[in-house]
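Each chain is listed here by its residues.
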There are 2 protein chains.
Amino acid sequence: MMSKTYIFGHKSPDTDSITSSLVMADLETKLGNDVLACRLGSLNKETEYVLNYFDIEAPELIEKIEDEQQVILVDHNSPSESIDNIENAKILKVVDHHKIAFETSYPLFVRTEPVGCTETVLLKLYKENGLTPDKTIASLMLSAIISDTLLLKSPTTTEDDKDAVKELAEIAEIDYESYGLEMLKAGTDLSSFSIEEILSLDAKQIDFKDVKSIVNQVNTADIADVMEMKDDLEAGMEKIIEEEELDLFMLLITDIVNSNSQVIALGKDAALVEKAYGVKLADNTVLLEGVVSRKKQVVPIMTENA
Amino acid sequence: MMSKTYIFGHKSPDTDSITSSLVMADLETKLGNDVLACRLGSLNKETEYVLNYFDIEAPELIEKIEDEQQVILVDHNSPSESIDNIENAKILKVVDHHKIAFETSYPLFVRTEPVGCTETVLLKLYKENGLTPDKTIASLMLSAIISDTLLLKSPTTTEDDKDAVKELAEIAEIDYESYGLEMLKAGTDLSSFSIEEILSLDAKQIDFKDVKSIVNQVNTADIADVMEMKDDLEAGMEKIIEEEELDLFMLLITDIVNSNSQVIALGKDAALVEKAYGVKLADNTVLLEGVVSRKKQVVPIMTENA
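This report concerns the structure included in the present document. Bear in mind the structure is a predicted one, so any value in this text is a computation, not a measurement.

What counts and what doesn't
Each chain has its residues counted from 1, following the order in which its sequence is written. Starting at A for chains and at 1 for ligands, labels are handed out in the order in which the entities are written. Only residues with pLDDT of 70 or above have their local features reported here, since the model is predicted, and side-chain atom pairs are shown and tallied only from 80 upward, although totals for entire chains, interfaces and linings are computed over all residues. Calculation of side-chain values draws on the structure's entire complement of heavy atoms; hydrogens and water are dropped beforehand. Copies are brought into register by a least-squares superposition over C-alpha atoms of residues with pLDDT of at least 70 in both. It only takes one pair of heavy atoms within 4.5 Å for two residues to be counted as in contact. Under the scheme used here, helices are H or I runs from DSSP no shorter than 4 residues and strands are E runs no shorter than 2 residues, and both carry numbers assigned from the N terminus. To estimate how far a helix should reach, multiply one less than its number of residues by 1.5 Å. For every residue, the accessible area obtained with a 1.4 Å probe (protein chains only) is divided by the maximum for its type, and the residue is called buried under 20%, exposed over 50%, and partly exposed between those limits. Relevant arc is that of directions from the helix axis to the C-beta atoms, nothing else. Note on pairing: DSSP must find at least two bridges between two strands before they are called paired. Only the stretch in contact is used when a helix axis is fitted, and all axes are lines through C-alpha atoms; the angle between N-to-C directions ranges over 0 to 180 degrees. For salt bridges, the criterion is a side-chain nitrogen of Lys or Arg within 4 Å of an Asp or Glu carboxyl oxygen. We define a polar contact as two N or O atoms separated by no more than 3.5 Å, with the added condition that, inside protein, one atom must be a possible hydrogen donor and the other a possible acceptor, whereas residues neighbouring each other in sequence contribute only through side-chain atom pairs. Residues are grouped as follows: Ala, Val, Leu, Ile, Met, Phe, Trp, Tyr, Cys and Pro are nonpolar; Asp, Glu, Lys and Arg are charged; all remaining types, including Gly, are polar. A pair of Phe, Tyr and Trp rings is counted when the ring centres sit within 6.5 Å of each other, with Trp represented by its six-membered ring. The angle between the planes then sorts it: under 30 degrees is stacked, over 60 is edge-to-face, the rest tilted. For a Lys NZ or an Arg CZ to count as sitting over a ring, it must be within 6 Å of the ring centre and within 35 degrees of the ring normal. Buriedness of a pocket was judged along seven lines, with at least five required to meet protein on both sides within 12 Å; pockets are open sets of points on a 1 Å grid over the protein atoms alone, cavities are sets where a 1.4 Å probe fits but cannot get out, and lining residues have an atom within 4 Å of a point. Grid points are joined across faces, edges and corners, and a volume is the space filled by probe spheres set on the points. Between 65 and 115 degrees an angle is taken as roughly perpendicular, under 35 as roughly parallel, over 145 as roughly antiparallel, and anywhere else as oblique. Working rule for handedness: look at the near helix, and if it is turned counterclockwise from the far one by less than a right angle, call the crossing left-handed; if clockwise, right-handed.

The next thing to look at is the relation of the copies chain B and chain A. Once chain B has been moved 0.0 Å along the axis and rotated by 180°, it coincides with chain A to within an RMSD of 0.0 Å. Between the two chains, the operation in question is that of a two-fold axis. Across chain B, the rotation axis passes nearest the C-alpha of Arg111 of chain B, at a separation of 2.5 Å. In this assembly, 100% of the residues forming the interface of chain B have copies in chain A that are likewise at the interface, indicating an isologous arrangement.

What follows is the structure, given as structure tokens:
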């Protein structure tokens, strides 16, 4: 007997990862497939706000999968961002908007596009199958695009994302700008988090060539607020660097109102940040003007300079 | 000034690789993009038959590309099957039906499906963009699906491929069964080829884990005909094994009428064939009953047993 196909986004899930899992599960169910929406970690504050707002249950938390488990990956494809034993899974489909960083020994359905959010691709899949997302699903999709594109202001934003937001806002009957700002602000509330939690909220393991790194991004409406914790954050980062044998830990504190990021860089390859952006770290930190997108403004430039 | 985007299929091109390049170029042109259909090698007999039949010019032969050249890959994604300096290219899109075997440092459009032929995916792309292939383009697409699926008899054949053939045959106004058999037979004519040419006609470099291999497939209507050249074929294979430092050279002589393959296996890891299929090579050769698909019946089982 074949069990359900598990659908999940990346570790340290954000709003796109959680909602893509729910939305893809809706689409697959409508297509007659037996699936279960899953997640690989705790909800962040922003996603909690979204699920509460629309009264939706979170996907099921899973920690490992059986050998040969059939899975669908959304919002990620790299094994380093997936469930620990992903190499034992049978990947049926991938729907994503990131660089390609996985291999298979078999052909499969892969749909990636260089757009701001997985949901923008998922909206196309609904249409291609002659379907329309219902009001609740559209609300989730809309939330994720606002989250990933910082209200369509991030340089990752494409015309497809803008069109999708307009279309989804109409189905969802939501004033997306006021809703979106409230949602983003909810995501910046760090008050209930320990330092360890802040450092893992949106942490991605990324190797810039041979430089083994973690890049963690924390959104805020006020950089100074977060920088008050600088000493504690650095101590926490040093601990993770040692435990994970990292060459670099970059913490991006991203001002979602003014679209800048304060970076704290630690590790033996911290100077890579200076080389990549032509800046000087002072006391391990520097403001990167206009930098808000890890995918578009950090990964390529750091990789190129590594 | 940005030059045209080059579109090409894999090295040692087959009918799918050549026609996918032409068909994708048609689609991209209709979408307003400036592209050039290219190919990475000589036409095989089958593809020559197809292009002559419909009076179509072959894509432009290219041997290398400039740094940063924008490219679209069809019918392949692995760098080992692509143009030699593919790592310097900017890959805009991939449309394919093979396993995933490439990496990027940037997000891109990827569309792969586990179907029998790239053209089956391309037909979906036409529809998703509100377009229909014209009669000539439909004829090319139809030819490639017949070629890749051996007239819908290969185990790689899916319902999508069958539906596509029906739809395309109607647009093309072709009796696809009689046309298809003639086309496949044209592809089995080896009379004008040297041994070196036969051994490179449809050769793919594939590593089964650490076993560095070439798997070459030659279609025939009569295995005995080809086996008359066995001594010369083996001498040629030994030469390539030495030059390329291969661990294994598998030559599949595939009977397209009865759906079997005679395999000749040479190299220090030839016994992998025995292990994978539970057979004994006699004088380096054995008949693999029912095996016609390199992708579905060779690559996975050889990889698993390596």
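Moving on from the model shown.
Take helix 6 (residues 176-187) of chain B next. Residues and elements named next belong to chain B. End to end, helix 6 covers 16 Å across 12 residues, agreeing with the expected 16 Å (1.5 Å per residue, within 8%). Buried within helix 6 are the following residues: Tyr176, Tyr179, Gly180, Met183, Leu184 and Ala186. Taken end-on, helix 6 shows its buried residues confined to a sector of 155°, consistent with a single buried face. In the core, the buried residues of helix 6 are packed alongside helix 2 (45-54), helix 4 (135-149) and helix 5 (159-172).

A few words now on the sheet that holds strand 9 (residues 248-255) of chain B. Residue and element names in this part refer to chain B. With respect to topology, five strands assemble into an open sheet ordered 7-8-9-10-11, the strand pairing being mixed. Looking at the sheet topology across the chains shown, the edges are occupied by strand 7 (203-208) and strand 11 (285-288). Across the sheet, the axes of successive neighbouring strands diverge by a mean angle of 25°, strand direction being ignored. As paired strands, strand 9 and strand 10 (residues 260-266) are joined by seven bridges and run antiparallel to one another. Residue pairing for strand 10: Met250 is matched across the bridge by Ala265. Packing of helix 9 (residues 230-244) onto the sheet brings it into contact with strand 7, strand 8 (211-220), strand 9, strand 10 and strand 11, and relative to strand 10 it is tilted by some 50°.

Turning to the interface of chain B and chain A, a few remarks are in order. Taken together, the contact pairs 20 residues of chain B with 20 residues of chain A. Between the two partners, chain B and chain A, sit zero salt bridges. Run the count over chain B and chain A and you get six residue pairs in polar contact (both at pLDDT 80 or more). Among the elements that take part in the side of chain B that touches chain A, strand 6 (residues 109-112) of chain B stands out by supplying four residues, more than any other. By residue class, the composition of the side of chain B that touches chain A is nine nonpolar, five polar and six charged. Two elements, strand 6 (residues 109-112) of chain A and strand 6 of chain B, share three bridges in a ladder whose sense is antiparallel. If you follow Arg111 of chain A over to strand 6 of chain B, its bridge partner there is Arg111 of chain B.

What follows deals with the packing of aromatic side chains. Enumeration according to the criterion identifies 10 aromatic pairs over all chains in this entry. Here Phe54 of chain A and Tyr179 of chain A contribute two aromatic rings whose centre-to-centre distance is 5.5 Å and whose plane-to-plane angle is 65°, an arrangement assigned as edge-to-face. Separated by 125 residues along the polypeptide, Phe54 of chain A in helix 2 (residues 45-54) and Tyr179 of chain A in helix 6 (residues 176-187) bring together distant segments of the chain. The exposure class assigned to Phe54 of chain A is buried, which follows from its relative accessible area of 17%. By way of ring pairs, the aromatic residues Tyr49, Tyr53, Phe54 and Tyr179 of chain A are connected into one cluster. In this structure, Lys45 of chain A packs its charged tip against the face of Phe193 of chain A, placed 5.3 Å from the ring centre. Across from the ring centre of Tyr106 of chain B, 3.9 Å away, lies the NZ or CZ of Lys90 of chain B, which sits over that ring.

For the rest of this paragraph, the subject is the layout of surface pockets. Volume-wise, the second largest pocket comes out at about 1100 Å³. Partitioning the lining of the second largest pocket into residue classes produces 11 nonpolar, 22 polar and 16 charged.

With that settled, the discussion passes to the packing of helix 2 of chain A against helix 6 of chain A. Residue and element names in this part refer to chain A. Viewed as axis vectors pointing N to C, helix 2 and helix 6 meet at an angle of 135°, and their least axial separation amounts to 6 Å. In terms of orientation, helix 2 lies oblique with respect to helix 6. In this structure, helix 2 crosses over helix 6, and the sense of that crossing is right-handed. On helix 6, the residues touching Lys45, Glu46, Tyr49, Val50, Tyr53 and Phe54 of helix 2 are Tyr179, Glu182, Met183, Leu184, Ala186 and Gly187. Its residues placed into classes, the contact of helix 2 with helix 6 shows eight nonpolar, one polar and three charged.

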